[in-house]
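Report on the structure
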Amino acid sequence: MLRTYSSKEHLAQLNVAVKIENLTVEYNGRPTLFNINLEIPSGVLMAVIGPNNSGKTTLIKTIAGINKPSAGNVYIFSRPTHAVKNDIAYVPARNFVNWDFPINVYELVLMGSYNRLRRLGAPKSKDKVTAKEALERVGLDTISKKNICDLSRGEKHRALIARALVQDAGIYIMDEPMVAADEESINIIIDVLQELRHKKKTVIVSHHDFVTIPRYFDMVSLLNVRLIASGATEDVLTEENFEKTYGMSAGMIKNIRLYMEERNV
């Protein structure tokens, strides 16, 4: 498995892939995000973490152009999101997908090529080859004809990521791609994330397991409606920032200690 550790020098040399200015997003008149200012360099693997209802999904969906800001702006490579939508691959949370749709795994993954098709056009032979390669990469090639409703949780995560790989985008945005997945799927997904980062893709992941972040992610953003902190992983994951984001508990202190031990490996 590839392992990438954060590097301030590496971050400093990269251009800005995502710039967020004074972003507020409201739902039923209440802000789910408030006055967010954030810059994400290109070519990094960044985790977004925070408690439930902190706005993680809202943030990544707004970056992807799915949610509309109530105030503020989001720029992708210095351009508005709508102008670069074909260069953004979005992987939704597993629970937001209709798995009863009557298609097989291969057909789901091939949908990643649709952004390149002309209206009413059909996938080309190159798209089909790319879809098969993506299936092999996530270890689903042997069950490509299986109906998507019959997949396990981990297989569903991997199928959605394979669909995103077919898009060959510059930015990959993923909502909880490893939650409730089996160990095999988690290892495969982590390898894919690392490979994307090594290919200089920008990967933004809503994540739940902050103890694993130091091992895999260059950057982390701590969110609780407001942006608490963002930057190089070793700078942001501090006890003070955890307390501001989550509040403190015995379990949290234990996990912080685990993080400290992880960092010293």
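Sequence order sets the numbering: in each chain, residues are counted from 1 along the sequence as written. In view of the model being predicted, local features appear only for residues whose pLDDT reaches at least 70, and side-chain atom pairs are presented and counted only at 80 or more, with totals across whole chains, interfaces and linings using the full set of residues. Hydrogens and water are ignored here; the side-chain numbers use all heavy atoms of the structure.

Angles here are taken between N-to-C directions and fall from 0 to 180 degrees, while the axes themselves are lines fitted to C-alpha atoms, restricted in helices to the stretch in contact. Helix numbers and strand numbers start at the N terminus; a helix is a DSSP run of H or I with at least 4 residues, a strand a run of E with at least 2. Viewed as axis vectors pointing N to C, helix H4 (residues 125-137) and helix H5 (residues 153-167) meet at an angle of 140 degrees, and their least axial separation amounts to 9 Å. The orientation of H4 with respect to H5, classified from their angle, is oblique. Seen from above, H4 lies across H5 with right-handed handedness. In this structure, H4 uses Thr-130, Ala-131, Ala-134, Leu-135 and Arg-137 to contact H5, whose residues at the interface are Ala-162, Leu-165 and Val-166. With respect to orientation, any angle under 35 degrees is reported as roughly parallel, any angle over 145 as roughly antiparallel, any angle of 65 to 115 as roughly perpendicular, and every other angle as oblique. For a crossing to be left-handed, the near helix must be turned anticlockwise from the far one by less than a right angle; the clockwise case is right-handed. Should any heavy atoms of two residues lie within 4.5 Å, those residues are considered in contact.

Its identity as a non-glycine residue notwithstanding, Asn-28 has a phi of 55 degrees, on the positive side. Relative to the helices and strands, Asn-28 is located in the loop between strand S1 (16-27) and strand S2 (30-41). A positive phi is found at Ser-78, a non-glycine position, where the angle reads about 70 degrees. For Ser-78, the position within the fold is in the loop between strand S4 (71-76) and strand S5 (79-80).

Along the chain, the position of Met-46 falls in strand S3 (residues 45-49). Leaving out residues up to four positions away in the same chain, Met-46 has contacts with Ile-40, Val-203, Ile-204, Val-205, Phe-217, Met-219, Val-220 and Ser-221.

Spanning 13 residues, H4 covers 18 Å between terminal C-alpha atoms, matching the ideal 18 Å at 1.5 Å per step. Listed as buried for H4 are Asp-127, Ala-131, Ala-134 and Leu-135. All buried residues of H4 project into a common sector of 100 degrees when viewed along the axis, lining one side. Exposed positions of H4 whose direction lies more than 90 degrees from the buried face are Ser-125, Lys-126 and Glu-136. One less than the number of residues in a helix, times 1.5 Å, gives the span that helix is expected to have. The classification of residues rests on relative accessible area computed with a 1.4 Å probe and restricted to protein chains. Under 20% of the type maximum is buried, over 50% is exposed, and intermediate values are partly exposed. Here the arc refers to the directions that run from the helix axis out to each C-beta atom.

In this description, a nonpolar core means a group of buried Ala, Val, Leu, Ile, Met, Phe, Trp, Tyr and Cys residues linked to one another through side-chain atoms lying within 4.5 Å. Of all hydrophobic cores here, the largest spans 49 residues; its most connected members are Tyr-172, Met-174 and Leu-193. Broken down by element, the residue count for this core peaks at seven residues, all from H5. Ile-20, Leu-23, Leu-59 and Val-84 belong to the second-largest nonpolar core, a separate cluster that totals 26 residues.

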